[in-house]
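# Per-entry structural report
One-letter residues, chain by chain:
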Amino acid sequence: MRNALLCLLALGLAAPAADNWKPIFDGTSLTGWKHVGPGEFILKDGQIETKGGMGLLWYEPEKFGNTTIRVVFKTSGPRDNSGVIIRLADQPPDPWYGVHNGYEVQIDAAGDDWHSTGAIYSLSKVTKRTQKPAGEWNSMEIELKGR
């Protein structure tokens, strides 16, 4: 995972309207977030920045069922590779646990149709490519619905 900035992570309970989003990252601390792996996630200018290789950052205080997750991100280069792991039932013991035991919504502008931004990694390909160039903010909503 390289250099993806996340300034993000809000949940919309039921049908998300502007006023019923619940932030799960407040821009001031990583309280409630846990990390595993050799990489590092640092708080910089109100954003989460990745450093130094693959790591997995997960939100520990609660689990979520049917909801929508809004992620706001930007990359620093055209080949940056990251993702958002969803439907992870257990605390991950290593950074690959999410890839093998959950679903990764890919962030990677350079990937093929099965491994580019918006794809469910290796399971569903993208129908269009809408990621903005490196350095520009992107937003995606991930709907968790049923199984």
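Everything discussed here concerns the structure shown above.
What you are looking at is a predicted structure, and each value in this text was computed from that prediction instead of being measured.

### Things to note about unusual backbone geometry
Positive phi outside glycine occurs at Asp45, with the angle close to 55°. Tracing the chain through its elements places Asp45 in the loop between β5 (40-44) and β6 (47-51). The phi angle at Ser122 is positive, at roughly 65°, despite the residue not being glycine. If you trace the backbone, Ser122 turns up in the loop between β10 (103-107) and β11 (138-144).

### Some details on the pattern of salt bridges
Enumeration over the complete set of coordinates arrives at 6 salt bridges. Where Glu60 meets Lys34, a salt bridge forms, and the shortest distance between an N and an O atom there is 3.8 Å. Placement of Glu60 in the loop between β7 (56-59) and β8 (67-75) and of Lys34 in strand β4 (residues 33-36) is noted, with a sequence separation of 26 residues between them. Classification of Lys34 as partly exposed rests on a relative accessible area of 36%. Taking the shortest distance from any N to any O, the salt bridge between Lys44 and Glu49 comes out at 3.9 Å. Classification of Lys44 by relative accessible area gives partly exposed; the value is 41%. Taking the relative accessible area as the measure of exposure, Glu49 reaches 11% and is therefore buried. It is possible to trace a salt-bridge network through shared partners that takes in Lys44, Glu49 and Lys51.

Criteria and thresholds
Residues numbered from 1 in each chain as written. Predicted model: local features only at pLDDT ≥ 70, side-chain atom pairs only at ≥ 80, totals over all residues. Heavy atoms only, no water. Helix = DSSP H or I, 4+ residues; strand = E, 2+ residues; numbered from the N terminus. Salt bridge = Lys/Arg side-chain N within 4 Å of Asp/Glu carboxyl O. Buried < 20%, exposed > 50% of the residue type's maximum accessible area, 1.4 Å probe, protein only.

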